[in-house]
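Residue-level structural notes
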Amino acid sequence: MIENIGLPVIWIALIIIFLLVEMVTVGLTTIWLAGGALVAFLLSIVHAPLAIQIVAFLVVSFVLIYFTRPWATKYINSRRTKTNADSLIGQVVKVTEEINNSELKGKVLANGIDWSARSADDQKKIEAGKMVKVLRIEGVKLIVEPMEDGNK
């Protein structure tokens with residue numbers, strides 16, 4: 001059945017699929033598989049056995065992922081611009097409504113905008129007026145911890 005379709009056509013189809021998935025996800029994963037499929041395609045044109053094509057696909061894909069993905073990820077992420085939300089991490093902000101995780105309430109004022117907030121420690125309530133440090137963002141909520149003296 002594979003001979004009827006032709007191995008080069010299968011490899012081209014895989015290249016197209018991998019490139020389309022990469023365009024949709026931008027995860028820097030399937031692009032390397034497309035490179036492996038390209039090498040297998042070239043081998044299929046010169047009528048290399050299927051086993052050699054498959055091994056070449058796997059080896060080239062692994063080598064590309066292992067050696068070039070970390071470099072590409074670092075290069076691309078170094079040019080990434082932080083969003084406004086990302087810039088909040090590490091900032092000290094003021095609690096405008098008591099933070100109480102058990103009651104699912106709490107607000108802080110950060111850069112002139114009210115944000116929902118939760119304490120990093122589920123057991124700790126933080127009073128309105130206290131200063132807190134933003135540790136991370138989970139969804140649309142800032143996860144915070146009180147400052148050492150609470151009023152910095």
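Use the structure listed above.
Quantities reported herein were computed from a predicted structural model and do not represent experimental measurements.

What follows deals with the overall build of the chain. Scanning the chain for helices and strands turns up 4 helices and 5 strands. Seen in sequence order, the chain has helices and strands lined up from the N terminus as α-α-α-α-β-β-β-β-β. By the burial criterion, 29% of the 152 residues in the chain qualify as buried. The contacts in the chain between residues at least 6 apart in sequence include a share of 48% that link residues at least 24 apart. Counting every atom, the chain has about 10,000 Å² of accessible surface; 64% of that belongs to carbon and sulfur.

Next up on the list: the environment of Asp122. If you trace the backbone, Asp122 turns up in the loop between β3 (113–119) and β4 (131–138). Its relative accessible area of 54% is what places Asp122 among the exposed residues. In the structure, Asp122 is positioned 20 residues away from Ser102 in sequence and 7.2 Å away in space, judged by C-alpha atoms.

Among the structural elements, Trp32 can be located in helix α3 (residues 30–45). For Trp32, a relative accessible area of 13% translates into the label buried. Considered as a pair, Trp32 and Ser61 are 29 residues apart in the sequence and their alpha carbons are 5.5 Å apart.

Further remarks concern the packing of helix α2 (residues 7–25) against α3. It is the contact of α2 with α3, at a shortest axis distance of 8 Å, that shows an interaxial angle of 165°. The orientation of α2 relative to α3 falls into the category roughly antiparallel. Note that α2 runs across α3; the crossing there is left-handed. Contacts between α2 and α3 involve Leu7, Pro8, Trp11, Ile12, Leu14, Ile15, Phe18, Leu19, Val21 and Glu22 on the former and, on the latter, Thr30, Ile31, Leu33, Ala34, Ala37, Leu38, Ala40, Phe41 and Ser44. Each residue belonging to the contact of α2 with α3 can be placed in one class, and the counts come to 16 nonpolar, 2 polar and 1 charged.

Around the barrel, 5 strands lie side by side as β1-β2-β3-β5-β4; this closed barrel has mixed pairing. Pairwise comparison of adjacent strand axes, ignoring direction, gives a mean angle of 50° for this sheet. Judged from the 4 bridges that link them, strand β1 (residues 92–100) and strand β2 (residues 105–110) form a sheet pairing that is antiparallel. Directly across from Glu97, in β2, lies its bridge partner Lys107.

Conventions used here
- Residues numbered from 1 in each chain as written.
- Predicted model: local features only at pLDDT ≥ 70, side-chain atom pairs only at ≥ 80, totals over all residues.
- Heavy atoms only, no water.
- Helix = DSSP H or I, 4+ residues; strand = E, 2+ residues; numbered from the N terminus.
- Buried < 20%, exposed > 50% of the residue type's maximum accessible area, 1.4 Å probe, protein only.
- Contact = heavy atoms within 4.5 Å.
- Areas by Shrake-Rupley, 256 points an atom, 1.4 Å probe, with all protein chains shown as cover.
- Axes fitted to C-alpha atoms, helices over the stretch in contact; angles between N-to-C directions.
- Parallel < 35°, antiparallel > 145°, perpendicular 65-115°, else oblique.
- Left-handed = near helix turned anticlockwise from the far one by under 90°.
- Nonpolar A, V, L, I, M, F, W, Y, C, P; charged D, E, K, R; others polar.
- Pairing = 2+ DSSP bridges.

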